[in-house]
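As a plain string of letters, each chain reads:
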Amino acid sequence: MPSFLCIQSLSNNSNNNITEKYYRCQTKVVAKVFKDNNYNRGRNEVYTFGTMEGGYVNEGGQLKTKNGQKYVFNGPPSSGVYVSRTCLVISALIMVAALISSVLITYFLTSQALPIADPQPSAQAQSKDHPEHQADSHAIATPLANAKFDIPDWLKTRKEASTSSPELPPVIVQNEDKLAAPPVGDIPVIEETLDTSIKSSERLLQLYEGWRPLHYRIVIEPNVESSASNGSLIIEIARDPKVTSWEPIVLDVYNVSISNVRILRAQLANASEEVELDFDSDYGDNNATFVIKLAKELATESNLQVLLSLDFVSQVTDTLQGIYKTSYVNPDNKQLQWVISTQFSPIDARRAFPCFDRPDMKANFTLSIIRNIKTSMALSNMPISRTSSHRPGYIRDDFMTTPKMPTYLLAFIVSNMVDSRFADLDGDLVPRVEIWTRPTFVDMTHYAYKMVRKFLPYYEEYFGIKNKLPKIDLVSVPDFGFGAMENWGLITFRDSALLVPEDQELASSSEHMQYVAQIIAHELAHNWFGNLVTPKGWDDLWLKEGFACYMSYKALNQVHPEFQIMDTFTVLEFKESMQHDAANTSHAISFDVKTTNDVRRIFDPISYSKGTILLRMLNSIVGDEAFRSATQDLLQTFAYGNMNRDDLWAFLTRHGHEKGTLPKDLNVKQIMDSWITQPGYPVVHVERTGADLVLRQERYLLPARNPLDHSRWFIPITYETDELHKGDNIPTHWMTQDEEQLVIKDVFTKQSNSDNVVYLNLNRESYYRVNYDMASWLALKKNFSTLPRITRAQLLDDALHLSQAEYLPYDIPLTFLMELFTAVDDELLWSAAKPGLNYLIYNLKREPAYETFRAFMKFIVRPAFDHYGLNEPDNESHLQLKHRALVANFACKFNYDRCTQVAQMKFREWMRDAKKNPIKPNLKSVIYCTALAEGSYPEWYFAYKQYKRTNSASEKEEILTSLGCTTKPWLLSKYLNLTINSTSGILKQDGALAFRAVASNAIGYEIAFDFLQSNIKEIADYYGDGFSTISEMIKSLTIYMNKDYHKQQLQALAANCRKLGLKAVEIAIGMAMEQVNDNIYWRTHSYDNLKGFLEGIVSEFQINIF
């Protein structure tokens, strides 16, 4: 039993309303009790430590001893009340009595039962080569004492040098049931000290210099039952010679408890003994860092290297961040199977272990995982070097050391998933490739494996560098926040991004197969851009994501040229980027990242799609050969290191000059800085003056142009006429930031040229819209069918969005839309129409003019749908199948009865025989949604039942989207409530998808808003802050909001979030408010204009509005 407590109050800090109690004791127990006067709540915490000479508890709640040793808990300071000695003694007696009673009851119960044999490790777990493990396997010692990596002798003998009782970090036991649980690691779990509540995610992101990690040696044991990971860590750290000032060592942490901190001078080759260093340590502001200050006498040693060792306990979360747990049901025995997985990107390695958690702090990692023998496998970035018995019932897997890499790329998985045996089939190929998933999904991995084996040789040849790791494991994780994550050697995916069913009934659509192929290509490209060479800071995130995305297009175009993916690029990526970049709330692609929210915010279409577009623009500027050569030089120069955008600019400039594609008086930095450092993009106005063209630029901005915005860009200009066909996409002219206008002489051969065609931005290689004078628009419309297919798609997309921002009257885009009537087979033109049409649908759906608009669109869509119908031949190409689905989507969306009636009929056919789905893969989306929209609760419950029954991830996503199509309010409300019910079968990764399905329903969006308003705190707690789930929900709410009272609703929601302390959500609402303002402006200024044009067309063509 511990000695009595010795408590003495020494000070009162009135500045922060916290009364601090400082202690000086010669016992093994220290009580920390302090009171926060702002709150009427409290908690007493009793921590058990080894004997010490005295110390105190500071205002952050950390115990500090004289020799600098810290026992700290990374969480918000506890609150409580003052407890007297008498009260503590009485409480202790009560606890002892309760403990004795529990022991007696337990003894009585167990004595009546049969004896239970001690658990023994399996044969596989016993390592005959290492019998010493068995000798001490029952001992519960500190992790470092049992560590099996090469460590200094002083760490191995620390237990022997301690007192008779092993030195353990603090333990709190509140539930007697947990005493009977088997040991979960070398450090007892400190459950009550781990703060599992949602903390404010808005934290300053400070970059501390002075020290750099060289090597992490980590032993970790994640435990599902306790939701905690016990671990030990040794970091080899070197002083940065570039920093002359004497700085502390600062580790990033988040909700991690630390104990047994020690620092040793790194041993030289000829040194005979280790030297332990004196230090002082404490937690930083908001417990976001752990700060270690070495003695100033060491400041003169510029090449100082140290070993920092510590033990830690971190949280196993359920918010898909850091180390997290998820599960699936084994279909054979219907039992729950747990999976431990990781997601450290962008800044969540600090949730798992103390570290230098930033991209430029690259180091080697040697990882060891302790797992229960009931789990069949553990994976990490590198292959396993040794598996051995750790203690009865537990196995230890030691992994090979990784190359130098940032913390966000470290990963591991512990589970009972199985491999697909591809490595056995292709054992002679390097790297070894294996795909891991649940047993029932093994047959869905073949497509992904084929793609990997096709993409890898392409990348190795393009980059001129072989893949660096000996193996690549691809894992489908049951619940996963991103689409995929490029962890080096262990790439993780959500199911729908990796698995492609081959069964005819569950077969994926052409669009889904293209998506899977492109995701795999994207993640593999990161092996070179992101992993081998890493951007120095988060402000250049776009470099690695833009390169991976752009290279995925190149790779997919090489492997499947019939997909014509580079043409799709000009619609898909431009839509994603331009939609976000036109708002006042947009950000520069590279901006000063100051907070953790900023880091998460930059994972958006600006970094991905805009980054991709700008790299493709650079490729067109310098040409294919120079771009590839510059890329190869960059990767070879900065391998295993970091680079920034100026490094890329320098290589591209040199190779562009050498190839003669870039003018000698230009450099890439001069061109690109205007695109990188300011938000938005330009619209280039084109005006004919005789035989010349006059070009001027301004920022494209919603809801309308802003005369006070003087943003300018360095714009590459390419053009063609019906008399001049250039033959390549390398720019011939440049608009600079300093010029008001650019005059291009003698574009036409004659002064009278109103019938001649001119079009700019060939193949849409550059990032801008083009607005022509009326003569040019009319000429383009007259000759529309003769123009290149990308130009046709570009003209329709630009016209729709120029009208949205009041650069054009709506008669121009409506005229171009009518081209769809005859362009039945032009899949790119139909795809280009989709973004602009969706905006009109959302803003007209609840207005009188929608009746006329629907009649107009139904008139346009009818010929194409009558040609394709709701059938799917077996011999159609990938593009034809995608186009057929898009035409059907438009036809049913505009209530063409030949579409809606057939969709209902096909769905009811499925309902009659649920085991046989007659609906073709590419038509499932439109048929499911239409049937549920036109039907009632039988269709909805049938679909939900099929969602829970199917094991196809792509099928699940199709059904999730369709469940939001119903027009029955009570079903929509029920659906939303299922998204925060952990037993509903709807995964957290799909919460935003399900919410968006309801919010994009004209009837459901108000129900969605009410749900968010009423449950915002519960939703925030349930989903956490890792993947901007709530921000995505809020963004999807705004598509129908175009009236002033909608602003008031959002303001009320923001006030509620402010009251609850949900700052990140409040910021997201502020950004969403801009979209609502844009919608209100459009309704006020453009609605009547569009309504008049629509009525005129319907009248002139005698279109039946019914």
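Criteria and thresholds
- Residues numbered from 1 in each chain as written.
- Predicted model: local features only at pLDDT ≥ 70, side-chain atom pairs only at ≥ 80, totals over all residues.
- Heavy atoms only, no water.
- Helix = DSSP H or I, 4+ residues; strand = E, 2+ residues; numbered from the N terminus.
- Buried < 20%, exposed > 50% of the residue type's maximum accessible area, 1.4 Å probe, protein only.
- Contact = heavy atoms within 4.5 Å.
- Areas by Shrake-Rupley, 256 points an atom, 1.4 Å probe, with all protein chains shown as cover.
- Phe/Tyr/Trp six-rings, centres within 6.5 Å; stacked < 30°, edge-to-face > 60°.
- Lys NZ or Arg CZ within 6 Å of the ring centre and 35° of its normal.
- Pairing = 2+ DSSP bridges.
- Disulfide = S-S within 2.5 Å.
- Axes fitted to C-alpha atoms, helices over the stretch in contact; angles between N-to-C directions.
- Parallel < 35°, antiparallel > 145°, perpendicular 65-115°, else oblique.
- Nonpolar A, V, L, I, M, F, W, Y, C, P; charged D, E, K, R; others polar.
- Core = buried A, V, L, I, M, F, W, Y, C linked by side-chain atoms within 4.5 Å.
- pLDDT = per-residue confidence, 0-100.
- Patch = residues over 30% accessible without salt bridge, like charges linked within 9 Å, V, L, I, M, F, W, Y side chains within 5 Å.
- Salt bridge = Lys/Arg side-chain N within 4 Å of Asp/Glu carboxyl O.
- Left-handed = near helix turned anticlockwise from the far one by under 90°.
- Expected span 1.5 Å × (residues − 1).
- Polar contact = N/O pair within 3.5 Å; in protein donor to acceptor, adjacent residues only side chain to side chain.

**Some details on the overall build of the protein**
Regarding its fold elements, the protein presents 32 helices and 36 strands. Burial statistics for the protein: of 1106 residues in total, 60% are counted as buried. Pairs at least 24 residues apart make up 72% of the contacts formed inside the protein by residues separated by at least 6 positions. As presented, the protein carries roughly 44,900 Å² of accessible surface, and 51% of it is formed by carbon and sulfur atoms.

**Topic: the packing of aromatic side chains**
In total, this model carries 56 aromatic pairs according to the counting rule given. Both rings, one in Y700 and one in Y807, keep their centres 5.8 Å apart while their planes meet at 25°; by these two values the pair is stacked. Linking Y700 in the loop between β30 (692–699) and β31 (715–717) with Y807 in the loop between α17 (789–804) and α18 (811–817), this pair joins segments that are 107 residues apart in sequence. Here Y700 and Y807 have matching classes, each one buried. Ring geometry for Y772 and W777: centres 5.3 Å apart, planes at 85°, overall edge-to-face. On the basis of relative accessibility, which here comes to 6%, the residue Y772 falls in the buried class. Take W777: its relative accessible area is 1%, and that puts it in the buried class. Cluster of aromatic residues (ring-pair linked, three or more members): Y458, Y459, Y462, F463, W528, F529, F547, Y550 and F627. The positively charged end of R391 is found above the aromatic ring belonging to Y394, 3.9 Å away from the centroid. Across from the ring centre of Y328, 5.7 Å away, lies the NZ or CZ of R438, which sits over that ring.

**Things to note about the pairing of strand β16 (residues 336–343)**
Burial runs high along β16: 6 of the 8 residues are buried. The pairing of strand β15 (residues 322–329) with β16 spans 8 bridges and is classified as antiparallel. Bridged to T326 within β16 is V339. Remark: 6 residues form the turn of the hairpin made by β15 and β16, two consecutive strands paired antiparallel; K334 in that turn has positive phi of roughly 60°.

**Regarding the pairing of strand β10 (residues 249–252)**
Burial along β10 is two-sided: I249 and L251 facing one way and V250 and D252 facing the other are all buried. Pairing of β10 with strand β13 (residues 289–294), which is carried by 4 bridges, proceeds in the antiparallel orientation. Looking at β13, one finds that D252 is bridged to T289.

**Details of the state of the cysteines**
Within this structure, the stated rule accounts for 2 disulfides. There is a disulfide in this structure between C892 and C899, and the S-S distance comes to 1.8 Å. Linking C892 and C899, the disulfide has an S-S dihedral of approximately -95° and is accordingly described as left-handed. For the pair shown, C892 and C899 are each scored as buried. Here C929 engages in a disulfide with C965; their sulfurs sit 2.0 Å apart.

**Thoughts on the packing of helix α12 (residues 605–622) against helix α13 (residues 624–637)**
One can describe the packing of α12 onto α13 by two numbers: an axis separation of 6 Å at closest approach and a directional angle of 120°. Relative to α13, the element α12 is oriented oblique. Residues L615, L618, N619 and V622 of α12 form the contact with α13, whose own contacting residues are D624, A626 and F627. A class-by-class count of the residues in the contact of α12 with α13 yields 5 nonpolar, 1 polar and 1 charged.

**Here's the deal with the nonpolar core**
Counting residues in hydrophobic clusters, the biggest one holds 305 residues, and the most contacted among them are F353, F455, Y459, L760 and L817. Dropping the residues within four chain positions of it, F353 is found in contact with Y216, I218, L233, D252, F312, F344, F365 and L410. I790, A793, L828 and A832 belong to the second-largest nonpolar core, a separate cluster that totals 5 residues.

**With respect to the sheet that holds β13**
Read from one edge of the open sheet, 3 strands run β10-β13-β12, paired in antiparallel fashion. Both outer strands of the open sheet, β10 and β12 (279–283), are each paired with one neighbouring strand and no more. Strand-to-strand, the axes of this sheet are offset by a mean angle of 15°, without reference to chain direction.

**Description of the confidence of the model for the protein**
Averaged over every residue, the pLDDT of the protein is 85; residues scoring 70 or more account for 82%. In the predicted structure, residues 1–81 sits below a pLDDT of 50 and forms 201 contacts with residues beyond four places in sequence or in another chain. Counted against residues more than four places away or in other chains, residues 108–200, with its pLDDT under 50, gives 168 contacts.

**Observations regarding a nonpolar patch on the surface**
Residues V329, L336 and W338 make up a contiguous nonpolar surface patch of about 280 Å² in total accessible area. Tracing the backbone through its elements, the reader meets V329 in strand β15. Here V329 falls in the partly exposed class, since its relative accessible area comes to 49%.

**Structural notes on the packing of helix α19 (residues 827–844) against helix α20 (residues 850–868)**
Axis separation between α19 and α20 bottoms out at 11 Å; the angle between their running directions is 155°. Considered as vectors, α19 and α20 are oriented roughly antiparallel to each other. Here the hand of the crossing between α19 and α20 comes out left-handed. Touching W830, L837, L840, I841 and L844 of α19 are Y850, F853, M857, V861 and A864, all from α20. Its residues placed into classes, the contact of α19 with α20 shows 10 nonpolar, no polar and no charged.

**Things to note about helix α14 (residues 645–659)**
Over its 15 residues, α14 extends 21 Å from the first C-alpha to the last, a length consistent with the 21 Å expected when each residue adds 1.5 Å. Buried-residue contacts for α14 involve α9 (541–559), α12, α13, β28 (642–643) and α15 (668–676). Where α14 begins, the side chain of N644 points an oxygen toward the backbone nitrogen of D646, at a separation of 3.1 Å. Of the residues flanking the end of α14, it is G660, one or two places downstream, whose phi is positive at about 80°.

**Quick notes on unusual backbone geometry**
Along the chain, S345 connects to P346 via a cis peptide bond; the corresponding omega equals 5°. The amide bond that connects L702 to the next residue, P703, takes the cis arrangement and shows omega of 10°. Structurally, P703 can be placed in the loop between β30 and β31. A positive phi is found at L320, a non-glycine position, where the angle reads about 65°. Structurally, L320 is set in the loop between β14 (305–315) and β15.

**Observations regarding the sheet that holds strand β24 (residues 471–477)**
A sheet is described by the order of its strands in space; here 5 strands give the open sequence β22-β23-β24-β26-β25, paired in mixed fashion. In this open sheet, the two edge strands, each paired with only one partner strand, are β22 (418–419) and β25 (484–485). Where β24 and strand β26 (residues 490–494) come together, 5 bridges link them in parallel fashion. The partner of S476 across the bridge, within β26, is F493. Where helix α7 (residues 446–463) meets the sheet, its contacts fall on β23 (432–437) and β24, and the angle it forms with β23 comes to roughly 155°.

**Observations concerning the side chain of H215**
The topology assignment puts H215 in strand β8 (residues 211–223). Separated by 2.7 Å, the side chains of H215 and T366 make a polar contact.

**What to know about the environment of E276**
Tracing the sequence through the fold places E276 in the loop between β11 (256–265) and β12. Taking the C-alpha atoms as reference points, E276 and R265, separated by 11 residues in sequence, lie 6.2 Å from one another. Beyond its immediate sequence surroundings of up to four residues, E276 is in contact with R262, I263 and L264. A distance of 2.7 Å separates the side chain of E276 from the side chain of R262, its partner in a polar contact.

**Examining the environment of R616**
The residue R616 is located in helix α12 in this model. Taking the C-alpha atoms as reference points, R616 and Y550, separated by 66 residues in sequence, lie 7.0 Å from one another. In contact with R616, not counting residues within four places along its chain, are Y550, M566, F569, T570, F574, N763, R764 and E765.

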